[in-house]
Amino acid sequence: YNRQEQSLRAQLRRFDATLCYNWEMRKVLGLTRYAVFIPALAAIIGALLLMAQGSIAVVIAVIESITSTNTLKDSIVEVLTAVDAILLGTVLLVIGYGLYELFIDGELDVPLWLRVRNLDDLKSKLIGVVVAIIAVVFVGVMVDSNRAQDVFSYGIGAGAIVAGLALFAFATKKQSRPSSKTNP
């Protein structure tokens, strides 16, 4: 009886050590998700920088168009360039919030349109903002008289990128789970 008890105690010690190791390993792996904090913060800081610079550029463009002899085309190009920086800042903001929400705090207080539940949500939001940036760049090229001959090639390139993004979004989109409610 004593040997059985010793054997059982030895097995329990090994089991306890394995449980302790597994628990520690899970804890360490769980903490690695916080490594995303720095890239999320960097993306948000970059977003704020681009949005501030874009906003300042819009104000400068307005002041210059009022106080100087800027042509309408020059003003449009300056404003579109500034809006492009603001939209790029929006991309970085979506990335920063999305990473933070996915890895660190799923209950982040953000508007519903910015809520990210999974990587597919983040991907679709990014594709939408990238398409908007492409549109702004294309309109800027179309308006800029210095590059008018490039409008056709830029249009084909922009269309190809948008089509590629749409195809990528469609091909990688996960099917929605059917609702548990049944229709009568």
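Q: Where do I start with the overall build of the protein chain in this structure?
A: In terms of helices and strands, the protein chain carries five helices and zero strands. Across the protein chain, helices and strands are ordered from the amino to the carboxyl terminus as α-α-α-α-α. By residue count, 23% of the 184 residues in the protein chain fall in the buried class. In the protein chain, of all internal contacts separated by at least 6 residues, the share reaching a separation of at least 24 is 68%. Carbon and sulfur atoms provide 66% of the accessible area of the protein chain, an area that totals close to 13,400 Å².

Q: Just to check I follow, could you spell out the packing of helix 3 (residues 72-103) against helix 4 (residues 119-143) for this structure?
A: The interhelical angle for the contact between helix 3 and helix 4, taken along N-to-C directions, is 170°, at an axis separation of 9 Å. When the interaxial angle is binned, helix 3 and helix 4 end up roughly antiparallel.

Q: What exactly am I supposed to notice about helix 2 (residues 37-67) here?
A: Think of an α-helix as 3.6 residues a turn; residues three or four steps apart then line up on the same face. In this model helix 2 runs 45 Å from its N-terminal to its C-terminal C-alpha over 31 residues, within 8% of the 45 Å that 1.5 Å per residue would give. Listed in full, the buried residues belonging to helix 2 are Ala40, Ala43, Ile44, Gly46, Ala47, Leu50, Gly54 and Ala61. Buried residues belonging to helix 2 abut helix 3.

Q: In this structure, what is going on with the nonpolar core? I would like to understand it.
A: As a rule of thumb, soluble globular proteins bury nonpolar side chains together. Among the nonpolar cores identified, the biggest contains 13 residues, and Val91, Val94, Leu122, Leu126 and Ile133 are the most heavily contacted of them. Among the elements of the structure, helix 3 and helix 4 are those that each provide at least two residues to this core. Residues contacting Leu122, with those up to four places away along its chain left out, are Val94, Ile95, Gly98, Leu102 and Val116.

Q: Just to check I follow, could you spell out the pattern of salt bridges for this structure?
A: Pairing between side chains becomes possible if they bear opposite charge and their charged atoms approach one another. Scanning the entire structure with this criterion turns up three salt bridges. Here Asp121 and Arg117 are joined by a salt bridge, their closest N and O atoms 3.6 Å apart. Judged by relative accessible area, which is 12%, Asp121 ranks as buried. Note that Asp120 and Lys123 form a salt bridge whose closest N and O atoms lie 3.3 Å from each other. Taken together, the residues span about one helical turn, with Asp120 and Lys123 both in helix 4 at a distance of three residues.

Q: Explain the side chain of Asp121 to me, please; I cannot follow it from the model alone.
A: Here Asp121 is to be found in helix 4. Among all residues touching Asp121, those that are not within four sequence positions of it are Arg115 and Val116.

Q: In this structure, what is going on with the packing of helix 4 against helix 5 (residues 151-172)? I would like to understand it.
A: Think of two packed helices as two axes; the pair is described by the angle between the axes and how far apart they sit. One can describe the packing of helix 4 onto helix 5 by two numbers: an axis separation of 10 Å at closest approach and a directional angle of 170°. By the angle class used here, helix 4 and helix 5 are roughly antiparallel. From helix 4, Asp120, Lys123, Ile127, Val130, Val131, Ile134, Phe138, Val141 and Met142 reach across to helix 5, where they touch Val151, Tyr154, Gly155, Ala158, Ile161, Val162, Leu165, Phe168, Ala169 and Thr172. Here the residues of the contact of helix 4 with helix 5 are counted per class, giving 15 nonpolar, two polar and two charged.

Procedures and definitions
- Residues numbered from 1 in each chain as written.
- Predicted model: local features only at pLDDT ≥ 70, side-chain atom pairs only at ≥ 80, totals over all residues.
- Heavy atoms only, no water.
- Helix = DSSP H or I, 4+ residues; strand = E, 2+ residues; numbered from the N terminus.
- Buried < 20%, exposed > 50% of the residue type's maximum accessible area, 1.4 Å probe, protein only.
- Contact = heavy atoms within 4.5 Å.
- Areas by Shrake-Rupley, 256 points an atom, 1.4 Å probe, with all protein chains shown as cover.
- Axes fitted to C-alpha atoms, helices over the stretch in contact; angles between N-to-C directions.
- Parallel < 35°, antiparallel > 145°, perpendicular 65-115°, else oblique.
- Expected span 1.5 Å × (residues − 1).
- Core = buried A, V, L, I, M, F, W, Y, C linked by side-chain atoms within 4.5 Å.
- Salt bridge = Lys/Arg side-chain N within 4 Å of Asp/Glu carboxyl O.
- Nonpolar A, V, L, I, M, F, W, Y, C, P; charged D, E, K, R; others polar.

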